[in-house]
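The chain contents come next:
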Amino acid sequence: MDQDDEDRAAASLAAARRTLRAGVDKSRALGHALARAGPRLEEIQVALPALEAAVRPIRAPRAELAAAGPHIDRAVGPAAAVLKVFDAVHGLEPPLLAPGAAGAGAGGDLPGYLAVLAQLEEAHRFLADNCGLAAQWLADIVEYLGDRDLADPRFLADLGVTLDGLKAPSGDLDGGLLAAALDILEAEFRRLLADNAAPLAMPKPGAAAASAAPSRVPAAIVQKLILILDRLVANGRQDRCVAAYIDARGSVVSASLGALGLDYLRDPAQDAQALGPALEMWGRHLEFVVRRLLESERQLCAKVFGQHKDAASACFAEVAAQAGVLDFLRFGRAVADAKKDPIKLQRLLEVFDSLNKLRLDFNRLFGGKACAEIQSQTRDLVKLLIDGAAEIFEELIVQVELQRQMPPPSDAGVPRLVTFVVEYCNRLLGDQYRLVLGQVLTIHRSWRKEVFNDRMLVDAVVNIVKALEANFEVWSKAFDNAIMSYLFMMNTHWHFFRHLKATKLGEILGDAWLREHEQYKEYYLSIFIRDSWGALSPLLNREGLILFSKGRATARDLVKQRLKTFNSSFDEMYCRQSSWVIPDKDLREKTCNLVVQTIVPTYRSYLQNYGPLVDQEGNTGRYVRFTVDDMEKMLSALYMPRPRRAVSFQIKHSSGKITSTMTGLHRSASAVK
């Protein structure tokens, strides 16, 4: 082997050694790497089943995968549409939630806001209708994949649970956006009501009454309220709208009533006479509340609630309740329950007249079911008024007849019953009460299937007056002093004539009837003067004085005796009649003049002729007690009425049981004691 061959062999061995050594080093490095990768391989081994399931559809047969494709596409399409609507809903948030967007702010645009809200409502309806359907279709695909073992059962089970929750979606499909927008609208509804809540003032007495209730909320505001209400009602918020409306308008009504001063409604008097001033206010206040305040509220309620008639009725009923209509009716009931007396008849007629004038208004305002309580109490009150008025009126003539047993006035004045009945009957036939009383009695008789008319009313009142007239003779016979009875009859007949002349009742009774009472007055005046003061003049006669003209002492004694007798009789007469009265000024002056004419001329002449005989003794005052002027002044001041305390007399039932009290109207008239 030559040298070259050896060199080549050595090089080959060196190369082989290097190769072998490199292989050993690589084997050693690979062993170390495998030792370090052992735990990771175990993790991969554990994850392989899940990985295998995840890629199984890819490993599924091509035919089955091709068949599942169209089903998946049909299910994903609606779901994608639902997701697009969700995205659109989120885009509506800024215009709906911006401050003042619904109109409260300076740049508020209610129509624009409602247009955006309409889009949200439409989207909400779409989601409500389609979200569950899309979820159902996806669930069907999950079931399809599971039946064909095209996906991991556990994965499909979890997906199915999620889809079950989407099949019946909650109302919060829009993340609460619709509820928030409706809250904003509701707040705007309340704001508009609050900003237009000025109370209604009652017109001053004498002001011209408006033909219609005033429009108290501008038409533009009403239109906004209508638009807002329609959207709120459409979204199930009618009850909240009704509550807000009642709260706002009820406060307006309460404020309007607060200015009227209605405290008298809560504690009415029990005496019919005392109820007069309060009843006058009651009538005016009730008319204002019904015809202006509540009528304007009814119109506003009808406009705002429009087609929602049940809600409008419920709202108005609550507002009317806050207007105190039931309080007004309870006051009327207190009048009906007051103590029974003739004045109460007038009060009952006044209440009935007020309600009757408002009858059509009551029917229009309170005719619905929601106002059933007002209807019921009104019907009950009207019946009480009619029954009570008819009962008192029918008892009047009986009560007048029963007064015959009462003693006449101790001062010979006009009995309070006469004063009362004359004015009372005139009032009943006057413009204020005649038509109302006739209507009440007609209704009452109709309930008993009987007929009543105005002629029957007039006859009934005339019979009351004639029953009173029949009392005169009975009363006059009750006086122990005949002269006093003459004065009593003069006073009473003159009162009849004076207070019935030129009245409707006097026209009905006729001129002949009135003249008869005037003639009776003249007759009793003449016999009163004749039998009282006329009896004093003969006491100052001149008989026998001429025969003794030459015997002055005898004449003086006779004059003294006659003056003494005259003075005694005058004192007695004057003292007795000083407590008697003539209420009528003209008749009193006429009577006093006649008394003066009957006494004073005779007295003056007697003193002129025979006074010197008495003067000569220097003891004139013993026999001439009065100067002529003093006597004239004394007589001219007779029969003056004196202030008297208010009195009443009992009205007894025919059975004798006292049932009521009749109070006179003229406190200056004589009292029946």
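What counts, and at which threshold
Residues numbered from 1 in each chain as written. Predicted model: local features only at pLDDT ≥ 70, side-chain atom pairs only at ≥ 80, totals over all residues. Heavy atoms only, no water. Helix = DSSP H or I, 4+ residues; strand = E, 2+ residues; numbered from the N terminus. Buried < 20%, exposed > 50% of the residue type's maximum accessible area, 1.4 Å probe, protein only. Contact = heavy atoms within 4.5 Å. Areas by Shrake-Rupley, 256 points an atom, 1.4 Å probe, with all protein chains shown as cover. Axes fitted to C-alpha atoms, helices over the stretch in contact; angles between N-to-C directions. Parallel < 35°, antiparallel > 145°, perpendicular 65-115°, else oblique. Polar contact = N/O pair within 3.5 Å; in protein donor to acceptor, adjacent residues only side chain to side chain. Expected span 1.5 Å × (residues − 1). Core = buried A, V, L, I, M, F, W, Y, C linked by side-chain atoms within 4.5 Å. Salt bridge = Lys/Arg side-chain N within 4 Å of Asp/Glu carboxyl O. Left-handed = near helix turned anticlockwise from the far one by under 90°. Nonpolar A, V, L, I, M, F, W, Y, C, P; charged D, E, K, R; others polar. Phe/Tyr/Trp six-rings, centres within 6.5 Å; stacked < 30°, edge-to-face > 60°. Lys NZ or Arg CZ within 6 Å of the ring centre and 35° of its normal. pLDDT = per-residue confidence, 0-100.

Structural notes on the overall build of the protein chain
When you go through the protein chain residue by residue, the secondary structure sums to 25 helices and two strands. In the protein chain, which comprises 673 residues, the share counted as buried stands at 42%. Long-range pairs, those at least 24 residues apart, make up 82% of the contacts in the protein chain with a sequence separation of at least 6. In the form shown here, the protein chain has an accessible surface area of approximately 35,200 Å², with 55% of it arising from carbon and sulfur atoms.

A short note on the packing of helix α13 (residues 342-357) against helix α14 (residues 359-366)
Packing of α13 against α14 brings their axes to within 4 Å, and their N-to-C directions diverge by 55°. In terms of their interaxial angle, α13 and α14 are classed as oblique. Residues L355, N356 and K357 of α13 pack against R359, D361 and F362 of α14.

Observations regarding the side chain of R249
Here R249 is to be found in helix α9 (residues 238-258). Polar contacts involving the side chain of R249 include one to the main-chain carbonyl oxygen of N196, which spans 3.1 Å.

As for helix α18 (residues 454-476)
Given 3.6 residues per turn, any residue in an α-helix points the same way as the ones three and four places further on. Between its first and last C-alpha, α18 extends 34 Å over 23 residues, near the 33 Å set by a 1.5 Å rise per residue. In the core, the buried residues of α18 are packed alongside α15 (372-402), α16 (416-428), α17 (434-447), α19 (482-500), α20 (504-509) and α21 (511-531). Its side-chain oxygen at 3.2 Å from the backbone nitrogen of R455, N453 defines the N-terminal cap of α18.

A short note on the nonpolar core
Judged by nonpolar contacts, the single largest core of 166 residues is most densely connected at F189, W282, F305, L345, F366, W533 and L635. Here L345 is in contact with A389, I392, F393, L396, Y424, L428 and L437, once residues within four sequence places are set aside.

Focus on the pattern of salt bridges
Enumeration over the complete set of coordinates arrives at 35 salt bridges. As a salt-bridge pair, R291 and D361 come within 3.2 Å of each other at their nearest N and O atoms. Pair noted here: R291 is in helix α10 (residues 276-305) and D361 is in helix α14, with a separation of 70 residues, a long-range link. Relative accessible area serves as the criterion here: at 33%, R291 is assigned to the partly exposed category. Residue D361 is classed as buried on the basis of its relative accessible area of 10%. Among the ionic pairs, R445 bridges to E450, the shortest N-O distance being 4.0 Å. Each of E287, R291, E295, R298, D361 and R364 takes part in one network of salt bridges that share partners.

Concerning the packing of α15 against α18
Where α15 contacts α18, the axes come no closer than 8 Å and their chain directions differ by 15°. When the axis of α15 is compared with that of α18, the two are roughly parallel. Of the two elements, α15 crosses α18, and the hand of that crossing is left-handed. Each of F393, L396, I397, V400 and E401 in α15 lies in contact with α18, whose residues at this interface are L457, A460, V461, N463, I464, A467, L468 and N471. Among the residues forming the contact of α15 with α18, the class breakdown is ten nonpolar, two polar and one charged.

Section: the environment of D183
Within the secondary structure layout, D183 lies in helix α7 (residues 177-195). Separated by 54 residues in sequence, D183 and R237 place their C-alpha atoms 9.9 Å apart. Excluding anything up to four places from it in sequence, D183 contacts R237 and R240.

What about α17?
When the terminal C-alpha atoms of α17 are compared, their 20 Å separation across 14 residues agrees well with the 20 Å that a helix rising 1.5 Å per residue should span. Among the residues of α17, V436, L437, G438, V440, L441, H444 and R445 are the ones counted as buried. Lining the buried residues of α17 we find α13, α15, α16 and α18. A positive backbone phi angle near 60° is found at K449, which sits one or two residues after α17.

Thoughts on the environment of L326
Relative to the assigned elements, L326 resides in helix α12 (residues 325-336). Residue classification places L326 among the partly exposed residues on the basis of a relative accessible area of 21%. Discounting chain neighbours no more than four positions away, the residues touching L326 are E373, I374 and Q377.

Regarding the packing of aromatic side chains
With the rule as written, the count across this model stands at 22 aromatic pairs. Seen in terms of ring centroids, Y264 and F331 are 5.6 Å apart; in terms of plane orientation they differ by 90°. Their pairing is edge-to-face. Taken as a pair, Y264 in the loop between α9 and α10 and F331 in helix α12 lie far apart in primary sequence, 67 residues in all. Taking relative accessible area as the criterion, F331 reaches 0% and is therefore assigned buried. Ring centres of Y520 and Y524 lie 6.3 Å apart, and the angle between their planes is 25°; on these two criteria the pair is classed as stacked. One end of the pair is Y520 and the other is Y524, both in helix α21 and four residues apart, which spans about a single turn. Linked through ring pairs, W533, F566, F570, Y574, Y603 and F626 together constitute an aromatic cluster. Its end group placed over the ring of W494, K521 keeps NZ or CZ at 4.4 Å from the ring centre.

What to know about the confidence of the model for the protein chain
With 68% of its residues at a pLDDT of 70 or more, the protein chain shows a mean pLDDT of 80. Counting contacts from residues 646-673, a segment whose pLDDT is below 50, to residues more than four positions away or on other chains yields 81 contacts.

Observations regarding the side chain of S532
In this fold, S532 is placed in the loop between α21 and α22 (552-577). Once residues lying within four places of it in the same chain are set aside, the contact partners of S532 are I483, M573 and Q577.

A few points about unusual backbone geometry
Look at A412: it is not a glycine, yet its phi comes out positive at around 65°. Here A412 shows up in the loop between α15 and α16. Looking at A412, the relative accessible area reads 0%, which means it is buried. Residues other than glycine seldom take positive phi values, yet Y639 does so here, at roughly 65°. Relative to the elements of secondary structure, Y639 occurs in the loop between α25 (628-636) and β1 (648-652).

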